[in-house]
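# Coordinates in review
Spelled out from the first residue to the last, the chains are:
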Amino acid sequence: MGYQLLSDTVVLLDHKAAVDKIYSNYKFYDDSVVSASLKSQLFHIVSPYDRKTTVSDDVGQDVNRQRSKRKKVAEVFDETTEKVRSNHTEFLKLNNLPAPTEECDNRTALEFVDGFNRDDRYDPSKSYNGANSTQFVVLAEFASQSFLIPPNCRFFNSEVSNLANLLAPDDRFDFVVLDPPWWNKYIRRTKAVNSKISYQMLDNNSIGNIPLGDYVHENTIVAIWCTNSPTHVAAIRENFCTKWKLKLVANWYWVKVTKFGEPVCAFNGSNKKQPYEQIFIAVGENNTTFEIPKERFIYSVPSAFHSNKPPLVDLFESLLPERPKCLEIFARNVYPNFTSVGTEVLKLQNANLFDVVKRV
């Protein structure tokens with residue numbers, strides 16, 4: 001299992017373990033492959049990203065001395081941030097975390113991802129699709145690269161605006177995940193510097209126009225990843241759910257922490273970068289049967305890939321059929337029992353991101 005319930009509202013989720021479970025539960029079609037697991041470097045997040053230097057760094061000492069001379073102003077937190085910040089204190093009490101080691105930077109993870117992005121030849125502009133209808137993991141060659149394709153899945157490398165042309169009119173899904181590329185000034189600046197580490201952003205109207213309501217049923221569960229932008233939050237609460245024939249039942253929080261439990265950046269005042277994102281949980285508009293916790297705080301060490309979210313389906317296992325029919329929109333991964341759609345749908349399935357063990 002890739003997660004642990006620490007209390008009714010606090011969950012510790014292990015992104016790497018959740019993915020590795022897939023490749024340990026199924027055999028490979030190529031019987032020369034023994035196993036595969038995500039490279040541990042991807043989750044070597046041992047220090048907050050806003051901690052630029054270490055105490056042993058002479059330059060850092062000079063910077064810290066200069067900062068100490070500045071007048072400090074107490075940060076004022078909005079209600080949501082104060083709630084998450086308070087829950088983080090509870091998380092630290094509930095979880096038996098390892099003590100920090102002398103190694104206190106994220107260089108291992110960041111250099112690995114930088115190297116991957118530099119060498120990666122993935123072309124998001126190409127349209128193609130594929131499927132694996134077997135119960136084996138397939139190591140597939142495509143465009144001179146290798147990708148791990150899990151069992152019982154299908155994928156479309158395509159703009160999400162083509163969704164109605166990709167899915168059958170009678171397709172209905174038990175579980176849906178959306179991770180929209182919300183309009184974001186930081187991402188806009190990042191994309192201007194390096195297009196390989198960001199994605200094409202969409203405005204709220206474009207996201208709302210996705211015909212998701214055509215593919216849900218009464219018992220569908222939908223998880224929508226969202227930034228902390230009040231505009232984006234309001235769009236989900238006041239517009240998207242009604243348009244998609246859904247009703248909102250829960251507001252969860254993904255809190256990104258280091259291996260030692262520290263938030264990956266400081267909690268900040270309104271309109272500033274935060275160490276958490278929100279997950280809105282909705283169900284079919286006529287659903288009256290599901291009891292989903294209205295609030296949960298999910299803690300995990302994030303992948304070093306920008307905006308790479310952990311898989312959520314295991315958290316809803318008790319509410320879904322034994323073999324659920326799932327859909328992920330704006331996907332960058334492929335999982336068993338999922339139809340995945342996005343312009344980088346196989347990007348993070350690249351075999352170079354896994355330790356693939358073959359028989360000698």
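Procedures and definitions
- Residues numbered from 1 in each chain as written.
- Predicted model: local features only at pLDDT ≥ 70, side-chain atom pairs only at ≥ 80, totals over all residues.
- Heavy atoms only, no water.
- pLDDT = per-residue confidence, 0-100.
- Contact = heavy atoms within 4.5 Å.
- Helix = DSSP H or I, 4+ residues; strand = E, 2+ residues; numbered from the N terminus.
- Buried < 20%, exposed > 50% of the residue type's maximum accessible area, 1.4 Å probe, protein only.
- Pairing = 2+ DSSP bridges.
- Expected span 1.5 Å × (residues − 1).
- Axes fitted to C-alpha atoms, helices over the stretch in contact; angles between N-to-C directions.
- Salt bridge = Lys/Arg side-chain N within 4 Å of Asp/Glu carboxyl O.
- Phe/Tyr/Trp six-rings, centres within 6.5 Å; stacked < 30°, edge-to-face > 60°.
- Lys NZ or Arg CZ within 6 Å of the ring centre and 35° of its normal.
- Polar contact = N/O pair within 3.5 Å; in protein donor to acceptor, adjacent residues only side chain to side chain.
- 1 Å grid on protein atoms, 1.4 Å probe; cavity = no way out; pocket = protein on both sides within 12 Å on 5 of 7 lines; lining within 4 Å.
- Points joined across faces, edges and corners; volume = space filled by probe spheres on them.
- Nonpolar A, V, L, I, M, F, W, Y, C, P; charged D, E, K, R; others polar.

### Digging into the confidence of the model for the chain
Interpretation of the predicted coordinates at a detailed level should be avoided for regions scoring low in pLDDT. For the chain, per-residue confidence averages 90 on the pLDDT scale, and residues scoring 70 or more make up 88% of the total. Segment residues 53-69 is flagged for pLDDT under 50; beyond a separation of four residues in sequence, or across chains, it makes five contacts in the model.

### Digging into the environment of Asn184
By the element assignment, Asn184 lies in the loop between β8 (173-178) and α6 (185-193). When its relative accessible area of 25% is taken as the criterion, Asn184 is described as partly exposed. For the pair formed by Asn184 and Met201, sequence separation is 17 residues and the distance between their alpha carbons is 7.5 Å.

### Observations regarding the pairing of strand β14 (residues 338-342)
Burial runs high along β14: five of the five residues are buried. Side chains Phe338, Ser340 and Gly342 project from β14 onto one buried face, and the interleaved Thr339 and Val341 project onto a second face that is buried too. Here strand β13 (residues 326-329) pairs with β14 via four bridges, running parallel. The partner of Leu327 across the bridge, within β14, is Thr339.

### A short note on helix α4 (residues 107-119)
The terminal C-alpha atoms of α4, which comprises 13 residues, lie 18 Å apart, in line with the 18 Å expected from a rise of 1.5 Å per residue. For α4, the complete set of buried residues consists of Ala109, Val113, Gly115, Phe116 and Asn117.

### Some points on the sheet that holds strand β2 (residues 10-13)
What the 11 strands build is an open sheet, ordered β1-β2-β12-β10-β11-β9-β8-β13-β14-β7-β4; its pairing is mixed. Edge positions in the sheet fall to β1 (3-5) and β4 (128-132), since each has one partner strand and no second. Across the sheet, the mean angle from the axis of one strand to that of its neighbour is 20°, orientation sign disregarded. Along the sheet, helix α3 (residues 79-94) makes contact with β2, β10 (246-256), β11 (276-284) and β12 (297-300), crossing β12 at roughly 60°.

### Points about the pattern of salt bridges
In this structure the tally under the stated criterion is 13 salt bridges. In this structure, Arg154 and Asp171 form a salt bridge, with 2.9 Å as the shortest nitrogen-oxygen distance. Here the residue Arg154 occupies a position in strand β7 (residues 153-157), and Asp171 occupies one in the loop between α5 (163-166) and β8, the gap between them amounting to 17 residues. The partly exposed category is assigned to Arg154, whose relative accessible area is 25%. Given a relative accessible area of 6%, Asp171 falls into the buried group. For Asp171, the salt bridge identified is with Lys325, shortest N-O distance 2.8 Å.

### A few points about unusual backbone geometry
The residue Lys245 is not glycine, and still its phi comes out positive at about 60°. Considering the arrangement of structural elements, one finds Lys245 in the loop between α8 (230-243) and β10. A relative accessible area of 40% means that Lys245 is categorised as partly exposed. Not every positive phi belongs to a glycine, and Ser307 is a case in point at roughly 65°. Tracing the backbone shows Ser307 in the loop between β12 and β13.

### Quick word on the packing of aromatic side chains
Using the criterion set out here, one finds 15 aromatic pairs in the structure. Plain terms: the ring middles of Tyr128 and Phe142 are 4.5 Å apart, the flat faces sit at 50° to each other, and that makes the pair tilted. Taken together, the positions of Tyr128 in strand β4 and Phe142 in strand β5 (residues 138-142) put the pair 14 residues apart, joining distant regions of the chain. Judged by relative accessible area, which is 35%, Phe142 ranks as partly exposed. With a centroid separation of 5.3 Å and 80° between ring planes, the pair formed by Trp225 and Trp254 is classed as edge-to-face. Here the residue Trp225 occupies a position in strand β9 (residues 216-226), and Trp254 occupies one in strand β10, the gap between them amounting to 29 residues. An aromatic cluster is defined as three or more aromatic residues linked by ring pairs; in this entry it consists of Phe175, Trp252, Phe316, Tyr335 and Phe338. If you follow Lys309 out to its NZ or CZ, it ends over the ring of Trp225, 5.5 Å from the centre.

### Here we look at the side chain of Lys309
Considering the arrangement of structural elements, one finds Lys309 in the loop between β12 and β13. Overall, Lys309 belongs to the buried group, its relative accessible area being 8%. Polar contacts involving the side chain of Lys309 include one to the side chain of Ser307, which spans 2.8 Å. Here Lys309 is in contact with His15, Asp179, Trp225, Trp254 and Glu277, once residues within four sequence places are set aside.

### Some remarks on the environment of Phe354
Considering the arrangement of structural elements, one finds Phe354 in strand β15 (residues 354-358). With relative accessibility at 4%, the residue Phe354 sits in the buried group. Sequence-distant contacts of Phe354, that is, excluding residues within four places in its chain, are made with Val19, Tyr23, Ser37, Leu38, Lys39, Leu148, Leu348 and Gln349.

### Section: empty space enclosed by the protein
For the structure shown, the criterion picks out two cavities of 30 Å³ or more. In this structure, the largest cavity occupies an estimated 100 Å³ of space. Along the wall of the largest cavity there are 14 residues; nearest its centre are His15, Leu38, Asn308, Asn333 and Leu348. There is about 30 Å³ of room inside the second largest cavity. Every residue lining the second largest cavity is listed: Gly2, Tyr3, Leu13, Ala18, Pro311, Leu312, Asp314 and Leu315. Along the lines of polarity and charge, the residues of the lining of the second largest cavity split into six nonpolar, one polar and one charged.

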